[in-house]
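Below are the chains, spelled out letter by letter.
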Amino acid sequence: MEVESFEDEEVAKLLNDSFISIKVDREERPDVDKVYMSFVQALYGGGGWPLSVFLSPDLKPLMGGTYFPPNDNYGRPGFKTLLKKVKDAWDSKKDTLVKSGTYAIEELSKALSANAGAEKLSDEISRTAVSICAKQFSRSYDSEFGGFGSAPKFPRPVEIQLMLYHSKKLKESGKTSEADENQSMILFSLQGMANGGMHDHIGGGFHRYSVDECWHVPHFEKMLYDQGQLANIYLDGFIITKDVMYSYVARDILDYLRRDMIAPEGGIFSAEDADSFEFEGAKGKKEGAFYIWTSDEIDEVLGENADLFKEHYYVKKSGNCDLSSRSDPHNEFAGRNVLIERNELSAMASKFSISTEKYQEILGECRRKLFDVRLKRPKPHLDDKIIVSWNGLVISSFARASKILTAEPESTKYYFPVVNSQPEDYLEVAEKAALFIRGSLYDEQSRRLQHSYRQGPSKAPAFLDDYAFLISGLLDLYENGGGVTWLKWAIELQETQDELYLDREGGAYFNTQGQDPSVLLRVKEDHDGAEPSGNSVSAINLVRLASIVAGDKAESYLSTAQRLLAVFELRLRELAVAVPLMCCGADMISVPSRKQVVLVGSKSSAELNNMLAAAHSVYDPNKTVIHIDPSSADEMEFWEEHNNNVAEMAKKNRNSEKVVALVCQHFTCSPPVFDSSALTRLLSK
């Protein structure tokens, strides 16, 4: 539409003569987008972007839609026809249009702000939501290529989180074969995504989604929220399997972010566009131009290793976008190749009569050479907004990587675009991003966040997702070795979130503060899509916080979470696949007692790091890791105020020369253990 309509002079004249045109960045103002997207979805049964909505002067929606061709075509009215018809309708029946728009907003307001029918979710739904959701996903599983559903295929990380959580529950209840079957779906899907063209093999990271069913040809945009969530699920894959393929992909994503997406001050940029110029001076941009290759280009750059590389990545003279009829229906990529791995490394190494290690070295060298050549091409536009919510997702993955990756064997080798980083380097990235947000997007006096930053903070206040995702990231930052200051800030932010967004009468959180009269709807969002919903993340945050603090505060967190989940009981019961992360939250709150791992020892001790790594070496979403240095007055004061049990554990073990680990559940703790391998064994029981 940008090229076809908004750069067309005839369309511009129609717009300028009869309308006031407002372009909204939906990432900067998701609240505005939500109002009008909800209207279009309710009216027409579907939505999407680009979104075109016609409003009255008081901002009530009159009509709208997604894509319109410039002229009548594809069975759709053209945008020019539409502009004329809307103007005629406004001139001839303005009152009717305004009344219908007002009525639509009133009805949407009722539908999108449900209240809890009880103080807590029913026990039945708490216990069964995860298994119901997993069964529904299993029915749509693609056994040929992995993933759920058909093309276009989106890497929806919340699906994988739900399925891994379900596998863990099945194992705990003794249903091992069912758990293995469930887990194999996920691991096969993760492998398919990593091998496919949706994964940028040359530069690292993942593109937005695959247009075909085989994860091959992507929509080439790269979004920060995908990178953070995908890194986390590949880290989970590594914890569960101990297969370095998964840790390698997690590193690949995080190293891409470190190289290309981090501002000097530490904030992390939002996105890279799909389109770019094929060469300097080209008239128009093309989708994927930066990322695709001809066979001749690869021959020229790689020389003697070109044949090996081309066979490995299915590169053909005629172009390789032929694996599905959906891959390239308009023949846009004729003669071009989107790199995809279709063969096992060991089989390919045997074919070329070299060791697997040597084969990987050659591929890494080839990728580096192509990366250097690619850097000379015109780059896709970088969206250098720094959005708090998305930074929260990535703070989580960098923090978790800092401990989880220490379990890689010492002999592990890394090949470009993965850099041989020390895991602790990733914690530094997480802390720097959190420091940037605190310094540039947080008011210490009012305790309020701003939503985004670009050459200064945006005017938009923060939304629910900003608080919820950042709190989640800060909890991960603390649990993986960050200072207690991050935990204090998480608790502070939760207080502000409750003050600004919590519906104290009806339960759950609104997406906005409700102070801007120009935003006509205050919505309680529940859908876990490409990003999880703020309510789902908040439910889990509250459960986690309740296992860190004690007393009335813990009870308050739990009762808030219970009422939140009760608001969405109907959704959990009837359409669990729409809310997979909320299903996990519903189960977490039903777990009789969350496991707590308490580590007591000096912050400067290398052994504390080893113990933290051991604490995170076993996959268990129903676990909280607490670490305390008894020689730190600041830490002791915090725990004496928030959970005296932890402070007492620290006092009892103050004089130990070693780091002490205790695993507590059901209000009782294991005998203390003093080395990381003993802790790993204890957590694996």
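Residues numbered from 1 in each chain as written. Predicted model: local features only at pLDDT ≥ 70, side-chain atom pairs only at ≥ 80, totals over all residues. Heavy atoms only, no water.

Per an unreviewed UniProt entry, the protein chain goes by the name Spermatogenesis-associated protein 20 isoform X2 and belongs to Camelina sativa.

Student: Hey, could you run me through the nonpolar core in this one?
Tutor: Soluble globular proteins tend to bury their nonpolar side chains together. One finds Y234, L449 and W639 to be the most contacted residues of the largest nonpolar core, which totals 135 residues. For this core, the element with the most residues is helix α16 (residues 464-479), which contributes ten residues. (Core = buried A, V, L, I, M, F, W, Y, C linked by side-chain atoms within 4.5 Å. Buried < 20%, exposed > 50% of the residue type's maximum accessible area, 1.4 Å probe, protein only. Helix = DSSP H or I, 4+ residues; strand = E, 2+ residues; numbered from the N terminus.)

Student: Got a minute to help me understand the packing of helix α3 (residues 30-44) against helix α4 (residues 79-111) in this structure?
Tutor: Working note: a packed helix pair is described by the angle between its axes plus the distance between those axes. Taken N-terminus to C-terminus, the directions of α3 and α4 make an angle of 100°; their axes are 11 Å apart at the nearest point. It follows that α3 is roughly perpendicular to α4 by the angle criterion. Note on element contacts: α4 touches α3 through A104, I105 and L108, opposite V35, S38, F39 and A42. A per-class count over the contact of α3 with α4 returns six nonpolar, one polar and no charged. (Axes fitted to C-alpha atoms, helices over the stretch in contact; angles between N-to-C directions. Parallel < 35°, antiparallel > 145°, perpendicular 65-115°, else oblique. Contact = heavy atoms within 4.5 Å. Nonpolar A, V, L, I, M, F, W, Y, C, P; charged D, E, K, R; others polar.)

Student: Any chance you could explain the packing of helix α6 (residues 157-172) against helix α7 (residues 176-195) here in plain terms?
Tutor: Running from N to C, α6 and α7 point in directions that differ by 155°, and their axes come no closer than 8 Å. The orientation of α6 with respect to α7, classified from their angle, is roughly antiparallel. For the pair α6 and α7, the sense of crossing is left-handed. Residues I160, M163, L164, H166, S167, L170 and K171 of α6 pack against E178, A179, D180, N182, Q183, M185, I186 and L190 of α7. Tallied by class, the residues present in the contact of α6 with α7 amount to eight nonpolar, four polar and three charged. (Left-handed = near helix turned anticlockwise from the far one by under 90°.)

Student: Looking at this structure, how should I read the UniProt feature "domain: Spermatogenesis-associated protein 20-like TRX" (unreviewed entry) in the protein chain?
Tutor: Sequence positions flagged by UniProt for "domain: Spermatogenesis-associated protein 20-like TRX" (unreviewed entry) are, in local numbering, residues 1-108. Each end of residues 1-108 is marked by a C-alpha atom, and these two atoms are 28 Å apart; helix forms 56% of the span and strand 8%. (UniProt positions renumbered as here; feature names shortened; annotations may be inferred.)

Student: Any chance you could explain a nonpolar patch on the surface here in plain terms?
Tutor: A cluster of nonpolar residues, I20, I22 and V24, forms a patch on the protein surface that exposes about 360 Å² of accessible area. Here I22 shows up in the loop between α2 (9-18) and α3. (Patch = residues over 30% accessible without salt bridge, like charges linked within 9 Å, V, L, I, M, F, W, Y side chains within 5 Å. Areas by Shrake-Rupley, 256 points an atom, 1.4 Å probe, with all protein chains shown as cover. Salt bridge = Lys/Arg side-chain N within 4 Å of Asp/Glu carboxyl O.)

Student: Any chance you could explain the pairing of strand β16 (residues 660-665) here in plain terms?
Tutor: Strand residues, when the strand is regular, have side chains that alternate between the two faces of the sheet. Counted residue by residue, β16 has five buried out of six residues, so it is predominantly covered. Note that strand β14 (residues 595-600) and β16 share five bridges and pair antiparallel. Bridge pairing in β16 links V597 to V663. (Pairing = 2+ DSSP bridges.)

Student: I would appreciate a short explanation of the pairing of β14 in the present structure.
Tutor: The element β14 is extensively covered by neighbouring structure, given that five of its six residues are classed as buried. As paired strands, β14 and strand β15 (residues 623-628) are joined by six bridges and run parallel to one another. Looking across to β15, one finds that V600 is bridged to I628. Handedness of the crossover joining β14 and β15 through helix α22 (residues 606-615) is recorded here as right-handed. (Right-handed = clockwise from strand over helix to strand, strands pointing away.)

Student: Please explain the sheet that holds β14 as it appears in this structure.
Tutor: The pairing of strands in a sheet comes from backbone hydrogen bonds and takes either a parallel or an antiparallel form. What the four strands build is an open sheet, ordered β15-β14-β16-β17; its pairing is mixed. Since the sheet does not close on itself, it has two edges, and those belong to β15 and β17 (668-669), each with one partner.

Student: Explain the environment of L612 to me, please; I cannot follow it from the model alone.
Tutor: As for its position among the elements, L612 is in helix α22. L612 sits in the buried class, given a relative accessible area of 2%. In sequence terms L612 and I404 are 208 residues apart; their C-alpha atoms lie 9.1 Å from each other. Setting aside residues up to four positions removed in sequence, L612 forms contacts with K403, E479, N480, G481, L599, V625 and H627.

Student: Could you clarify how one ought to interpret the side chain of K222 in this entry?
Tutor: Within the element layout of this structure, K222 appears in strand β5 (residues 222-223). A distance of 2.8 Å separates a polar side-chain atom of K222 from the backbone oxygen of G204. When residues no more than four places from it in sequence are discounted, the contact partners of K222 are D200, G204, G205, F206, H207, Q227, Y256, S270, A271, E272 and Y291. (Polar contact = N/O pair within 3.5 Å; in protein donor to acceptor, adjacent residues only side chain to side chain.)

Student: Explanation requested: the state of the cysteines in the structure shown.
Tutor: Here is the idea: a disulfide is a covalent bond, and it sits between the sulfur atoms of two cysteines. Across all of its chains, the model carries one disulfide by this definition. Across a sulfur-sulfur distance of 2.1 Å, C664 and C669 are joined as a disulfide pair. Disulfide C664-C669: the torsion about the S-S bond is 100°, which places it as right-handed. Residue class for C664 comes out buried when judged on its relative accessible area of 4%. The structure places no disulfide on C583, whose sulfur is separated from the nearest cysteine sulfur, that of C133, by 4.3 Å. For the unlinked cysteine C584, the closest cysteine sulfur is that of C583, found at 6.9 Å. (Disulfide = S-S within 2.5 Å.)

Student: Looking at this model, I keep getting lost on the side chain of S324. Mind explaining?
Tutor: Position of S324 relative to the elements: it lies in the loop between α11 (306-312) and α12 (345-351). We classify S324 as buried; its relative accessible area is 10%. Looking at S324, its side chain comes within polar contact range of the side chain of E213, at 2.9 Å. Discounting residues that sit within four places of it in the chain, S324 has contacts with D212, E213 and C214.

Student: Even after reading the chapter, I still don't get the packing of aromatic side chains, so can you show me in this structure?
Tutor: Note on aromatic pairs: each is described by the distance of the centres and the angle between the planes. This structure, assessed with the given rule, holds 20 aromatic pairs. On the basis of an interplanar angle of 35° and a centroid distance of 6.4 Å, the ring pair of F352 and Y359 is categorised as tilted. The partly exposed category is assigned to F352, whose relative accessible area is 28%. For Y359, a relative accessible area of 0% gives the class buried. (Phe/Tyr/Trp six-rings, centres within 6.5 Å; stacked < 30°, edge-to-face > 60°.)

Student: Quick question: what am I supposed to make of helix α24 (residues 644-652) here?
Tutor: Here α24 has its buried residues at V646, A647, M649 and A650. Along α24, the residues classed as buried sweep out an arc of 160° about the axis, all on the same side. Residues of α24 that are exposed and point over 90 degrees away from its buried face: N645 and K652. Buried residues along α24 sit against β14, β15, α23 (633-642), β16 and β17. (Arc of directions from axis to C-beta.)

Student: Even after reading the chapter, I still don't get unusual backbone geometry, so can you show me in this structure?
Tutor: Glycine aside, negative phi is the norm for most residues, and most peptide bonds take the trans geometry. The linkage connecting W49 with the following residue, P50, adopts the cis geometry, with an omega of 5°. Relative to the helices and strands, P50 resides in the loop between α3 and β1 (52-55). That bond from A151 to P152 is cis: its omega, -10°, falls within 30 degrees of zero. Along the chain, P152 turns up in the loop between α5 (123-139) and α6. Although it is not a glycine, Y314 sits at a positive phi angle of roughly 55°.

Student: Just checking my understanding: could you explain the sheet that holds strand β9 (residues 382-383) for this structure?
Tutor: Read across the sheet, three strands follow the order β5-β6-β9 without closing on themselves; strand pairing throughout is antiparallel. The open sheet terminates on both sides in strands that have one partner only, identified here as β5 and β9. Here strand β6 (residues 271-272) pairs with β9 via two bridges, running antiparallel. Along β9, the bridge assignment pairs E272 with L382.

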